[in-house]
Amino acid sequence: MKNKLAQYFTPTSIVDFMIQLTDVDAHSRILEPACGQGIFLDRLKENGYHNILAYEIDDTLATTYEEVRHESFVSAKISESFDLIIGNPPYIRWKHLDDALKSELKTNLLWKTHCNSLCDYLHIFILRAIELLKEEGQLLFICPEYWINTTHSYKLRNYMVRHGYFEAIYQFKETPIFEGANVSCMIFKYIKSRREKPPIRLSRFEAKRVPMLNELQNLTPDFECAPLKEDQTWLLEPASTQGVLEAFEQQCQKHTNETYHTIGEFCDIGNGMVSGLDKAFQWRETTEDLDKQEQYYLLKVVKAKDLQAFQYKKITPYIFLNEIASEITLKVAFKHFFAHLQAHRPRLEMRYQYNRSIPYWHWTFPRNLKLFSQQQPRILVPCKERISNKDYFRFALAEPDILPTQDVTALLKKSHVRESIEYILAFLNHPKVFYWLRHKGIVKGNIVEFSEKPLSSIPFRAINWEDEEEVALHDVITRACQTKEIDIPFVMEQLDMLLQHEPVLG
Ligand SMILES: C[S@@+](CC[C@H](N)C(=O)[O-])C[C@H]1O[C@@H](n2cnc3c(N)ncnc32)[C@H](O)[C@@H]1O
């Protein structure tokens, strides 16, 4: 039951802090939409609030509370509105949702209008809560923060912008607030209002344990952030940061209109192939004893751990026999591989099968193989990068025969592109790209994600081929990146000069 219904209960210090953030009076009508064991109800009453209504779908929880209705908040008939809605709603990804909860959502108008099957259960709690607030009513939730920048949550964000504003946001990054739930959480105070939106007070707290009440009370806002807008990325950053990001975007501006170029116009991007059990396919022994045919079926893979900025450290050979249909051929023509795979066979047969029946010697999901088979160099990047201990990313150039597995994403130049792959490589490793991705990429806690979408949206400084100076800088950067010992400070200096060059408009 616990995980099916996301039963993670809120620590008292957090509940008390959230209650202190509200300024509604003691008689106000209050709703707790998913009350769990009733911690918010206890603490609200302790603080003098008595006019409370609560919901909890699990009828084994909060059984002694008069104000609790044991039914689903999603479709409960509620014909009143509230001054304050407070709590910690459930967050469950659609694919992990119980069938009954899914069916309930499929007939829910708010869900149908503002969500899709990539959205989280949390969305409906925010949407319905806002719908049920009085004008100037307050919504105080603690929840994960990833929906602030995921593409599929944009309708929820737009709904929030249209109906009110955030007064304050507290971000907890990797602070482990809920035991067993490894997510970055935030507390937000949102006001349903038609008034002009004030700036948002933003505070950040990070520790390796649950914060104590006095630590939270002593938090002063780190900065104020401009009110959020419809159809725009939500950037929870001070104005100075926004200025730097805008300046960079301007440096990448298209010659013909207001928007900027993006990497996605210049590169095809694909996440690496999935073997389903890397250990079984890695060939760690010498290749000398292998037959010619076997050597031919070894792929050259660069793992995420072996990537560094500009260059990779080493190659790991992988067995790749997806072309081989029968086990007899495997046994006869690939005897070393056959023997090697037998040791892993039970686990290979237990791999996720993607609704097919996959032979144990095949990789389960060789996605993007066609793209990776193109005979051209590629840029590899780990598909996730922790940035708490580093201030650079690891985009590395690899030869045409190097392949990425699932921990790596690859970028290959589109055929019409004149900029060299070395220039694109240098650009991606520039500190401004790091800065831009840290703030506008897909960032969960301290982890930046490099799947296709976030990579393709990175601004890109295209070369104006009419401008001799730009072309010369492009060529110098290209040549500098073709040497074995790349002089990175020199390359960055050249790129800085190029970035400062006004893009020619017209
Ligand atoms: C993350 S827990 C938080 C509980 C409580 N608010 C707290 O802070 O300790 C979410 C709760 O929502 C309940 N829940 C899940 N789906 C629900 C629904 N459709 N309606 C009402 N409660 C629901 C779960 O059983 C769980 O107790």
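Everything that follows concerns the structure shown earlier in this document.
Criteria and cut-off values
- Residues numbered from 1 in each chain as written.
- Predicted model: local features only at pLDDT ≥ 70, side-chain atom pairs only at ≥ 80, totals over all residues.
- Heavy atoms only, no water.
- Phe/Tyr/Trp six-rings, centres within 6.5 Å; stacked < 30°, edge-to-face > 60°.
- Helix = DSSP H or I, 4+ residues; strand = E, 2+ residues; numbered from the N terminus.
- Buried < 20%, exposed > 50% of the residue type's maximum accessible area, 1.4 Å probe, protein only.
- Axes fitted to C-alpha atoms, helices over the stretch in contact; angles between N-to-C directions.
- Parallel < 35°, antiparallel > 145°, perpendicular 65-115°, else oblique.
- Left-handed = near helix turned anticlockwise from the far one by under 90°.
- Contact = heavy atoms within 4.5 Å.
- Nonpolar A, V, L, I, M, F, W, Y, C, P; charged D, E, K, R; others polar.
- Near = heavy atom within 4 Å.
- Polar contact = N/O pair within 3.5 Å; in protein donor to acceptor, adjacent residues only side chain to side chain.
- Areas by Shrake-Rupley, 256 points an atom, 1.4 Å probe, with all protein chains shown as cover.

## Notes on the packing of aromatic side chains
Tallying each qualifying case throughout the model produces 31 aromatic pairs. For the ring pair Phe320 and Trp363, a centre distance of 5.2 Å and an interplane angle of 80° mean the geometry is edge-to-face. One end of the pair, Phe320, is in the loop between strand E12 (316–319) and helix H12 (327–333); the other, Trp363, is in the loop between helix H14 (345–349) and helix H15 (369–372), with 43 residues separating them in the sequence. Relative accessible area serves as the criterion here: at 11%, Phe320 is assigned to the buried category. Aromatic pair Phe393 and Phe434: ring centres 4.6 Å apart, planes at 45°, arrangement tilted. In this pair, Phe393 sits in the loop between strand E14 (384–386) and strand E15 (396–398) while Phe434 sits in helix H17 (residues 431–440), placing the two residues 41 residues apart along the sequence.

## Considerations on the packing of helix H19 (residues 468–481) against helix H20 (residues 488–500)
Where H19 meets H20, the closest approach of the two axes is 10 Å, and the angle between their N-to-C directions is 160°. Considering the angle they form, H19 stands roughly antiparallel to H20. Seen from above, H19 lies across H20 with left-handed handedness. For the pair formed by H19 and H20, the contact residues are Glu470, Leu473, Val476, Ile477, Ala480 and Cys481 on the first element and Phe490, Val491, Gln494, Leu495, Met497 and Leu498 on the second. Its residues placed into classes, the contact of H19 with H20 shows 10 nonpolar, 1 polar and 1 charged.

## Some words on the site of the ligand
Neighbouring the ligand are 25 residues; Gln7, Thr10, Ala34, Glu56 and Tyr121 lie closest to it. Within the side chain of Glu56, a nitrogen or oxygen atom sits 2.6 Å from an oxygen atom of the ligand. Here a nitrogen atom of the ligand sits 2.7 Å away from a polar atom, N or O, in the side chain of Tyr121. Taken by itself the ligand offers 590 Å² of open surface, and the protein chains cover 100% of this. Here the residues of the shell around the ligand sort into 17 nonpolar, 5 polar and 3 charged.

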